[in-house]
Amino acid sequence: MDTHPKGNRARILLSSVFGPYAQDDEFGSRSINPMELYHNQVTRAQGSFSLRMFHRSWGIMLIQANISAPCTVLDFPTREAFARELKTNHYDIVGISSIIVNVRKVREMCRMARELSPGSVIVVGGHIAAIPGLDTVIDADHIVRGEGISWMRRYLGEDEHAPIRHPAIVSGLRTRIMGVRLPQRKGGTAATIIPSVGCPMGCNFCTTSAFFGGKGKFVNFYETGDELFDVMSRIESELKVNSFFVMDENFLLHRARAMRLLELMKQAGKSWEFSVFASANAIRKYTMLELVELGISWVWMGLESPRSGYSKLKGADIGQLTRELREHGIRVQGSTIIGLEHHTPDNIAEEIESAVGYQTDFHQFMLYTPVPGTPLYQEMAAQGRLLKDVDLADTHGQFKFNFLHSAISREDSKRFLDWAFRRDFERNGPSLYRMCQTMLQGWQRYKDYPDPRVRERFKRQVKKLSRAYNAALWVMEREFKKVNRSVSEQIHKLRRDVEKEFPVVARLTAVSLGPIMLWTTRREENRLSSGRTYEPPTFVERRNWISASEPFPARDRLWHRPSRVDPAKESLESMSVFRTNTSM
Ligand code: B12
Ligand code: SF4
């Protein structure tokens with residue numbers, strides 16, 4: 001590949017695809033596919049109890065932080081904001097990041113870039129690059145498959161092997177539950193850490209594994225526990241956090257790195273906590289005490305199906321593992337696949353019931369989906385089982401099958417999927433209640449633990465439980481009577497247990513805050529039933545920036561920190577504002 005003629009003096013725009021997202025439109029937005037992790041694919045049947053939040057586009061943030069060229073990140077733009085940015089600033093390179101479902105938006109953005117910024121080189125990256133023949137669908141100069149930092153560094157003539165500089169990323173924004181938008185104070189939300197991309201387990205349907213090399217391969221940004229510890233320490237002090245969302249497909253698989261991290265945390269007295277993705281076989285490499293001391297407080301685990309043959313699940317008793325994790329105060333998010341090859345209309349209900357029976361704190365259900373780039377896709381294509389008329393915008397596992405299943409129809413796939421979400425909610429109650437249960441168990445077990453780091457962590461968590469969450473329990477207990485009386489009684493019992501543990505503060509908060517939250521919850525329920533949706537705000541962040549009229553800056557001006565929207569301020573602003581206050 002040739003480098004760009006201007007090398008690292010080229011001015012770069014990196015943009016995510018335009019919104020709004022949670023609506024049906026001609027660019028492939030779908031109301032069923034909002035830009036919200038939980039509400040999209042985890043708690044979507046939980047009404048006003050659904051956990052709602054947005055996550056930034058970390059891929060382009062990471063690329064921006066690791067090049068020395070002047071670079072703007074435009075995240076969640078509207079079409080108008082994207083056009084304005086192209087017209088206002090001259091860009092040598094326009095980079096667009098996207099996943100497969102948003103291909104029509106990318107086509108439109110390439111068209112706009114050609115028209116409004118004809119001299120720009122257009123680079124498209126992210127999972128969209130796995131679409132076969134993408135170059136005939138969109139008008140881009142480069143389509144980048146796999147890891148993007150090294151590609152961009154190479155393209156700019158920089159050292160692709162230079163250490164990865166991790167930006168300080170607040171993991172979620174505009175968190176909302178029961179009609180209340182949680183205040184966004186500094187340190188109140190976990191930081192995102194991305195130690196690697198890809199996963200060596202290579203499950204046949206897995207797009208992230210396939211995209212970064214498939215079975216046996218992945219790209220590690222930080223090889224050692226020491227490197228990770230340094231990154232986390234820096235971000236801890238920049239963002240004032242002690243909680244990290246670790247965006248690594250299988251963090252616990254790398255035991256030596258995790259155990260070294262633990263050693264360093266112990267030496268430095270760090271009471272950090274981690275939300276991680278991990279497969280059952282990886283979790284089983286640790287004792288519960290190791291997990292607890294390491295600060296694992298939330299695990300996203302692929303359960304797939306009790307009868308699937310995935311090696312990551314071999315020999316694992318998922319029911320027992322889930323129970324055990326929760327008893328040790330570790331919240332579990334299970335992920336179950338609907339529509340595996342062995343599923344039939346006769347056994348699917350039973351499989352869903354057993355998945356729901358694991359009683360995880362959160363449960364994601366996804367349709368078995370051959371996605372371009374995966375071994376499963378190749379297999380289905382070879383067997384002629386891919387349905388021809390399915391729009392890529394609907395190929396994401398939360399709508400209907402995109403392939404011919406031997407026993408379940410496309411229409412029924414959606415019915416089973418929707419039923420699974422509903423069933424989990426009705427049988428187990430709101431995820432917020434289940435989380436409270438796990439938190440109390442953790443506190444009761446570890447409040448007197450000899451390691452002060454562990455005690456401090458559970459104390460931090462239980463503070464929320466004894467206050468706002470207890471008021472939330474008071475509301476859930478009332479509202480859930482309409483859905484499932486027996487769950488409502490269990491919520492009542494949990495609230496009593498919390499109040500036994502914290503007699504004054506928990507009772508006072510339930511009595512004072514409870515009625516207000518009941519009102520916000522009901523108001524939210526009304527809003528949702530009248531069609532209210534939520535969209536993320538637009539972000540503009542410039543780094544190494546100079547305006548087009550200035551000469552290229554001296555080297556020492558290059559590395560000033562990017563300005564970013566102040567999260568505290570951000571929570572006060574309206575959703576659709578295009579921010580210009582970030583320019584330097
Ligand atoms: C955070 C996240 C989200 C966030 C949104 C983030 C955002 N701002 O867009 C939320 C939760 C809202 C979300 C929603 C959805 N998501 Co999502 N999401 C993720 C997740 C967990 C992390 C992404 C990430 O930051 N990874 C880490 C970064 C570093 O990796 P990266 O983004 O791939 O970027 C690297 C390269 O791809 C490349 N690159 C990326 N952009 C660019 C741009 C250029 C110019 C270049 C050169 C390179 C480049 O360089 C980067 C560094 O190496 C991934 C899973 C995963 N582990 O990646 C799924 C994932 C991306 N999501 C996926 C899907 C399907 C969805 C949904 C459709 C929900 C669903 N049904 O599953 C919705 C779509 C929402 C919408 N309307 O667009 C799939 C994509 C599948 C595919 N092949 O397209 C993934 C891979 C999960 C999976 N395994 O199925 N998601
Ligand atoms: S273990 Fe999870 S992340 Fe790894 S390949 Fe399998 S599904 Fe993908």
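Notes on the structure follow. Please read all numbers here as calculations on a predicted model, not as lab measurements. (Residues numbered from 1 in each chain as written. Chains lettered and ligands numbered in written order. Predicted model: local features only at pLDDT ≥ 70, side-chain atom pairs only at ≥ 80, totals over all residues. Heavy atoms only, no water.)

Moving on, we come to the pattern of salt bridges. If the charged atoms of two oppositely charged side chains come close together, the side chains can form a pair. One pass over the full model with this rule turns up 46 salt bridges. The residue Asp391 makes a salt bridge to Arg30 at a minimum N-O spacing of 3.4 Å. One end of the pair, Asp391, is in the loop between α13 (375–382) and α14 (410–428); the other, Arg30, is in the loop between β1 (12–16) and α1 (37–41), with 361 residues separating them in the sequence. Take Asp391: its relative accessible area is 27%, and that puts it in the partly exposed class. Arg30 gets classed as buried once you look at its relative accessible area, which sits at 14%. A cluster of three or more residues bridged by salt bridges with shared partners is formed by Glu477, Arg495, Arg496, Glu499 and Arg507. (Salt bridge = Lys/Arg side-chain N within 4 Å of Asp/Glu carboxyl O. Helix = DSSP H or I, 4+ residues; strand = E, 2+ residues; numbered from the N terminus. Buried < 20%, exposed > 50% of the residue type's maximum accessible area, 1.4 Å probe, protein only.)

On the surface, Arg185, Arg455, Lys459, Lys463, Lys464 and Arg467 cluster together into a positively charged patch. Note on placement: Arg467 falls in the loop between α16 (452–466) and α17 (468–479). Judged by its relative accessible area of 39%, Arg467 is partly exposed. (Patch = residues over 30% accessible without salt bridge, like charges linked within 9 Å, V, L, I, M, F, W, Y side chains within 5 Å. Areas by Shrake-Rupley, 256 points an atom, 1.4 Å probe, with all protein chains shown as cover. Lys, Arg positive; Asp, Glu negative; His and termini not counted. Charge placed at Lys NZ, Arg CZ, Asp CG, Glu CD.)

Before going further, it helps to spend a moment on the site of ligand 1. Neighbouring ligand 1 are 40 residues, the closest being Ser57, Ser97, Ile100, Asn102 and Glu147. In this structure, a nitrogen atom belonging to ligand 1 sits 3.5 Å away from a main-chain N or O atom of Arg56. Thr207 places a side-chain nitrogen or oxygen 3.2 Å from a nitrogen atom of ligand 1. Within the residue set of the shell around ligand 1, elements represented by two or more residues are α1, α2 (58–65), β4 (93–97), β5 (121–125) and α6 (207–211). Tallying contributions element by element places α2 first for the shell around ligand 1, with 4 residues. Grouping the amino acids of the shell around ligand 1 by side-chain chemistry returns 18 nonpolar, 18 polar and 4 charged. (Near = heavy atom within 4 Å. Polar contact = N/O pair within 3.5 Å; in protein donor to acceptor, adjacent residues only side chain to side chain. Nonpolar A, V, L, I, M, F, W, Y, C, P; charged D, E, K, R; others polar.)

A few words on the side chain of Thr395. Within the fold, Thr395 resides in the loop between α13 and α14. When its relative accessible area of 8% is taken as the criterion, Thr395 is described as buried. At 3.1 Å, the side chain of Thr395 and the backbone oxygen of Asp391 are in polar contact. Those residues in contact with Thr395, other than ones at most four positions away along the chain, are Val101, Thr369, Pro370, Val390 and Asn402. (Contact = heavy atoms within 4.5 Å.)

A regular strand carries its side chains on alternate faces of the sheet. With 9 of 9 residues buried, strand β15 (residues 296–304) is to be regarded as a mostly interior element. Direction of pairing for strand β14 (residues 273–277) relative to β15: parallel, over a ladder of 4 bridges. Of the residues in β15, the one forming a bridge with Phe277 is Trp300. Looking at chain direction, β15 and strand β16 (residues 331–338) are connected through 6 bridges and run parallel. Within the sheet, the bridge partner assigned to Trp298 lies in β16 and is Arg331. (Pairing = 2+ DSSP bridges.)

Strand pairing within a sheet occurs via backbone hydrogen bonds; the two strands may be parallel or antiparallel. Read across the sheet, 6 strands follow the order β6-β5-β4-β1-β3-β18 without closing on themselves; strand pairing throughout is mixed. Two strands in the sheet have a free side with no partner beyond their single neighbour: β6 (142–144) and β18 (539–543). On average, each strand axis in the sheet is inclined to that of its neighbour by 15 degrees, with strand direction left out of account. In this sheet, strand β3 (residues 71–75) lies alongside β1 in parallel orientation, the contact comprising 4 bridges. Bridge pairing in β3 links Ile12 to Cys71. α2 contacts β1, β3, β4 and β18 of the sheet and is inclined by roughly 170 degrees relative to β3. Packing against the sheet, helix α4 (residues 103–116) makes contact with β1, β4 and β5, and its axis sits at approximately 165 degrees to β5. (Axes fitted to C-alpha atoms, helices over the stretch in contact; angles between N-to-C directions.)

Take unusual backbone geometry next. Backbone torsion omega between Gly19 and Pro20 reads 0 degrees, so that peptide bond is classified as cis. In the Ramachandran plot, Arg174 falls in the positive-phi region, its phi being about 55 degrees despite a non-glycine side chain. Looking at where Arg174 falls in the secondary structure, it is placed in strand β8 (residues 173–177). Backbone geometry at Gln359 places phi at a positive 50 degrees, although glycine is not the residue there. Considering the arrangement of structural elements, one finds Gln359 in the loop between α12 (348–357) and β17 (362–367).

Distances and angles like these do not, on their own, reveal function.
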